[in-house]
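# Chains, contacts and geometry: an overview
Chain by chain, the residues run as shown.
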Amino acid sequence: MSRGSRAIPVAELVERARAGEARAVARLISLVEDRSPSLREVSAALTPHTGSAHIVGITGSPGVGKSTSTSALVNALRGQGKRVGVLAVDPSSPFSGGALLGDRIRMQDHATDDGVYIRSMASRGHLGGLSASAPQALRVLDAAGCDVVLVETVGVGQSEVEIAGLADTTLVLLAPGMGDGIQAAKAGILEIGDLFVVNKADRDGAEATRRELRSVIAMTDRADGAWKPPIVLTVATKGEGVDEVAEQIAAHRKHLGESGELTRRRLARLRREIEALALTEVQSRFAGLSGDARLDTLAEQVLAGETDPFAAADTLVEQV
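Okay, so let's go over this structure. In this text the structure is predicted, and so the values were computed from the model without any measurement.

## Remarks on the overall build of the chain
- For the chain, the helix and strand inventory stands at 13 helices and 7 strands.
- Taking all 320 residues of the chain together, 47% fall into the buried category.
- Expressed as a percentage of contacts within the chain between residues at least 6 apart in sequence, the contacts between residues at least 24 apart total 73%.
- For the chain, the computed accessible surface area is about 15900 Å², with 53% contributed by carbon and sulfur atoms.

## Here's the deal with unusual backbone geometry
- At R35, a position not held by glycine, the phi torsion is positive, near 50°.
- With respect to the secondary-structure elements, R35 resides in the loop between α2 (22-33) and α3 (39-46).
- Among the residues examined, R35 registers a relative accessible area of 52% and is labelled exposed.
- Despite not being glycine, K200 has its phi angle at roughly 60°, a positive value.
- Residue placement: K200 occurs in the loop between β6 (195-198) and α9 (206-218).
- For K200, a relative accessible area of 22% puts it in the partly exposed group.

## What to know about helix α11 (residues 261-286)
- Between its terminal C-alpha atoms α11 stretches 38 Å, which fits the 38 Å expected from 26 residues at 1.5 Å a residue.
- Turning to α11, its buried residues number three or more, namely E261, L262, R265, R266, A268, R269 and E273.
- Where α11 is buried, its residues contact β1 (54-60), α6 (134-143) and α10 (242-259).

## Comments concerning the environment of M121
- Among the structural elements, M121 can be located in strand β3 (residues 116-122).
- For M121, a relative accessible area of 0% gives the class buried.
- Along the primary structure M121 and S133 are separated by 12 residues, whereas in three dimensions their C-alpha atoms are 8.6 Å apart.

## Describing the pattern of salt bridges
- If you walk through the whole model with that rule in mind, you get 15 salt bridges.
- With its nearest N and O atoms 2.9 Å apart, the salt bridge here joins D113 to R78. Here R78 lies in helix α4 (residues 66-79) and D113 lies in the loop between α5 (103-106) and β3, a separation of 35 residues in the sequence.
- Of the charged contacts in the structure, one is a salt bridge between R210 and E207, with a shortest N-O distance of 2.8 Å. Placement of both R210 and E207 in helix α9 is noted, with a separation of 3 residues, approximately one turn of the helix.
- What emerges from the salt-bridge pattern is a single network uniting D194, E261, R264 and R265.

Reading the values: rules and limits
Residues numbered from 1 in each chain as written. Predicted model: local features only at pLDDT ≥ 70, side-chain atom pairs only at ≥ 80, totals over all residues. Heavy atoms only, no water. Helix = DSSP H or I, 4+ residues; strand = E, 2+ residues; numbered from the N terminus. Buried < 20%, exposed > 50% of the residue type's maximum accessible area, 1.4 Å probe, protein only. Contact = heavy atoms within 4.5 Å. Areas by Shrake-Rupley, 256 points an atom, 1.4 Å probe, with all protein chains shown as cover. Expected span 1.5 Å × (residues − 1). Salt bridge = Lys/Arg side-chain N within 4 Å of Asp/Glu carboxyl O.

Read these as geometric descriptors, not functional statements.
Here it is, written out as structure tokens:
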């Protein structure tokens, strides 16, 4: 294991994490991020203890106040007695591959609260505004007893829609005067948002932004047509409107359970995760084939007209 966890068996780390030990949670997430050889064992040990946490994705364009809103929402959820996990996905440093912004810088108000666990993860070039390790990291926080896990994305525009495949509830943040209404329509965010929050509502144009959103949402075909996404005005820096956001998140969680949509979303999420893991495994098997004699032989056969590329690819797959 890495980062000082070499002497601690995975099963013991999982038990410590389930008991609320923050250091054990940190070590498990580090194993996930580092793609440790113990990753399969970690996943097997965690999975029986997952499924209780409500995963809430928080997305929106840069500058709308995602970090401030996330911090304010943590306060509201803690006021309800919820144990909260936060996974803040940051842009990667081009030099180290690590996160450019740290969780302690962003959310220092919660540093001494043992009912809150905050972790920054680097996107490491992943283009969906998330980290490729995010599903497993969420599994760690779920198993560790978090009632709600907030996933704050990088904020990179159109690829932000990936969060909908990871979250039970997707919260889309906008701000007046930033052209967010038009951008949301282009990005497909209107289709994935379960709850819309117009932050910085003390600025001019907040009501106009809400009216525009309401009008466009009414004309949008959504997979879950039974749920009408609410639009909440907030001033996150002052905590205004944030309690209502927490209430709407709870209302959506109730709707998901009663309608069966929660099971549908989670099954779809797991299908995607299993598919991605299978593709990664296949890619790893083919990674070292560039100098393989079998590949050279097949290429020569295609060049000679003895076979075609598709048939050659089928042969290679059978041989590897």
